[in-house]
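# Notes for the structure review
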Amino acid sequence: MLYDAETTTLIQPANASEASQLSDLDKAVMLPKREREIVELCLDDQNNYTVSTEYGTPEHPIEYPPHTAGVWLNPDYKRVVNHNGQLTYYNSLNEVLRTDFTPGDQLGEVSEILSLFQEIKTLPPLTNQNFSAALDSLAAHGLTMTAHSGNIVSHRTDHADGSYSIVAIDKNARMQVGQLDYDANGALSTLYMLQVEGVAPDVVFKRLKRVFFFDAVESGVRMRHQTTTDFKTFSLTIN
């Protein structure tokens, strides 16, 4: 999989009326961030992966006033290659700066795209008729389907602790394109929504939106962390 994408990060109070309660430290993390990544990802049948991530300049970078506190720092490397958790960092001259190892799956946004890629990779080709029949079969066996506008349907899964998840399925693309997770009190905790073109597995990613919530360090105000990734180019090859 190859893609060139720009990601914009926004951190704001979940409830805008609580903005006045934020301390200066809490406000320091609210600066918007925009970065550009050119990513090449290879995954084999044994789930070995290599991810090369090169950092570029966004088409419309965010400009901060001089001496702004809390400005996002640029990485000290131009490219990083992650081969099954073994990290190698390179400068702009393609010289190795250092190596490192990350335990577990710590790929960040690329990890989520990799997960989506793995889901698509394992999907058998389906006709529209077969896919609709599969959804009908799930509904007949107790998995309630809710139709929304256009081509989106969703189903809800309740968990033992009282939390629940809602999964969104694009009938035209024949794949899952979103998930919303709620805690036991019914409050949204995380979500992702994906816009695609084409039909799985021959899809093109257009936009990926991710949201999670956290409590501000000093004020305790519930904050919304949102990233929106716009794919300038995208290609996916499955062998």
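Attention here is on the structure that accompanies the text. Sequence positions are assigned chain by chain, starting from 1 and proceeding in written order. Owing to the predicted nature of the model, reporting of local features is limited to residues with pLDDT of at least 70; listing and counting of side-chain atom pairs is limited to 80 or more, with chain, interface and lining totals taken over all residues. Neither water nor hydrogens contribute to the side-chain values; these are computed over all heavy atoms in the structure.

Once that is clear, we can look at the overall build of the protein. Strands are runs of DSSP state E lasting at least two residues, helices are runs of H or I lasting at least four, and both sets are numbered from the N terminus onward. In terms of regular secondary structure, the protein is built from three helices and 13 strands. Buried residues in the protein amount to 36% of all 239 residues. By sequence separation, contacts in the protein at least 24 residues apart represent 47% of the contacts at least 6 residues apart. The protein chains shown are the only cover counted for residues, whose accessible areas, like all others here, come from Shrake-Rupley with a 1.4 Å probe. Of the roughly 13,900 Å² of accessible surface on the protein, a fraction of 50% belongs to carbon and sulfur atoms. The buried label applies to any residue whose accessible area, calculated with a 1.4 Å probe on protein chains only, is under 20% of its type's maximum; exposed applies above 50%, and partly exposed to all values in between. When checking whether two residues touch, look at their non-hydrogen atoms; a contact exists if any pair is within 4.5 Å.

Assignment of secondary structure puts aspartate 181 in strand 10 (residues 175–182). His is not counted, nor are the chain ends; Lys and Arg add positive charge and Asp and Glu add negative charge. Only one rule defines a salt bridge in this text: a Lys or Arg side-chain nitrogen within 4 Å of an Asp or Glu carboxyl oxygen. No salt bridge is formed by the buried aspartate 181, whose closest oppositely charged neighbour, arginine 156, lies at an N-O distance of 11 Å. Each polar contact in these results corresponds to two N or O atoms within 3.5 Å; when the atoms are within protein, one needs to be able to donate a hydrogen and the other to accept it, and residues that are neighboring in sequence are counted only if both atoms are side-chain atoms. Among the polar contacts listed, one links the side chain of aspartate 181 to the side chain of glutamine 179, at a separation of 2.9 Å. Residues in contact with aspartate 181, not counting those within four places in the same chain, are Tyr164, Ser165, Ala187, Leu188, Ser189 and Thr190.

As defined by bridge partners, strand 8 (residues 152–158) adjoins strand 9 (residues 164–170) across seven bridges and the pair is classed as antiparallel. Counterpart to histidine 155 in the pairing with strand 9 is valine 167. What sits between strand 8 and strand 9 in their antiparallel hairpin is a turn of five residues, with glycine 162 showing a positive phi close to 95 degrees. Each pair of strands is called paired provided DSSP finds at least two bridges between the two strands.

Let us look at the pattern of salt bridges. If you walk through the whole model with that rule in mind, you get six salt bridges. The closest approach of N and O atoms between arginine 98 and aspartate 76, which form a salt bridge, is 3.3 Å. Of this pair, arginine 98 sits in strand 6 (residues 96–101) while aspartate 76 sits in the loop between strand 3 (49–56) and strand 4 (79–83), placing them 22 residues apart in sequence. Residue classification places aspartate 76 among the exposed positions, given a relative accessible area of 53%. Here arginine 207 makes a salt bridge to aspartate 230, at a shortest N to O gap of 2.6 Å.

Take the nonpolar core next. In this structure, Met175, Leu194 and Val196 are the most contacted members of the largest nonpolar core, which totals 22 residues. Secondary-structure elements contributing two or more residues to this core are strand 1 (2–13), strand 2 (33–43), strand 3, strand 10, strand 11 (188–199), strand 12 (202–215) and strand 13 (222–235). Excluding residues that lie within four positions of it along the chain, valine 196 makes contacts with Ala173, Met175, Val177, Val203, Val204, Phe205 and Lys206. Nine residue types can take part in a nonpolar core, namely buried Ala, Val, Leu, Ile, Met, Phe, Trp, Tyr and Cys, and a core is a set of them joined through side-chain atoms within 4.5 Å. In this structure, Tyr164, Leu188, Leu191 and Val211 belong to the second largest nonpolar core, which totals six residues.

We call Phe, Tyr and Trp rings a pair once their centres come within 6.5 Å, taking the six-membered ring for Trp, and we label the pair stacked below 30 degrees between planes, edge-to-face above 60, and tilted otherwise. A complete count under the given rule lists nine aromatic pairs for this structure. Between tyrosine 55 and tyrosine 77, the ring centres sit 5.7 Å apart and the planes meet at 70 degrees, which makes this aromatic pair edge-to-face. Here tyrosine 77 lies in the loop between strand 3 and strand 4 and tyrosine 55 lies in strand 3, a separation of 22 residues in the sequence. Ring geometry for phenylalanine 205 against phenylalanine 234: centres 4.4 Å apart, planes inclined by 10 degrees, an arrangement best described as stacked. Of this pair, phenylalanine 205 sits in strand 12 while phenylalanine 234 sits in strand 13, and the two are 29 residues apart along the sequence. Judged by relative accessible area, which is 1%, phenylalanine 205 ranks as buried. The class for phenylalanine 234 is buried, based on a relative accessible area of 11%.

Here we take up unusual backbone geometry. Of note in the backbone geometry, asparagine 84 takes a positive phi value of approximately 50 degrees without being a glycine. Within the element layout of this structure, asparagine 84 appears in the loop between strand 4 and strand 5 (86–90).

Take the environment of valine 167 next. Mapped onto the secondary structure, valine 167 falls in strand 9. Here valine 167 falls in the buried class, since its relative accessible area comes to 8%. Once residues within four sequence positions are removed from consideration, valine 167 is found in contact with Val153, Ser154, His155, Gln176, Gly178 and Gln179.

Our focus in this paragraph is the pairing of strand 5. Summarising burial for strand 5: four of the five residues are buried, a large majority. Where strand 4 lies against strand 5, five bridges are found, and the strand directions are antiparallel. Bridging from a neighbouring strand, asparagine 82 pairs with leucine 87 of strand 5. The antiparallel hairpin formed by strand 4 and strand 5 contains two residues in its connecting segment, where asparagine 84 sits at a positive phi of about 50 degrees. Of the strand pairs in this sheet, strand 5 and strand 6 are connected by five bridges, and their pairing is antiparallel. Bridged to tyrosine 89 within strand 6 is arginine 98. The antiparallel hairpin formed by strand 5 and strand 6 contains five residues in its connecting segment, where asparagine 94 sits at a positive phi of about 65 degrees.

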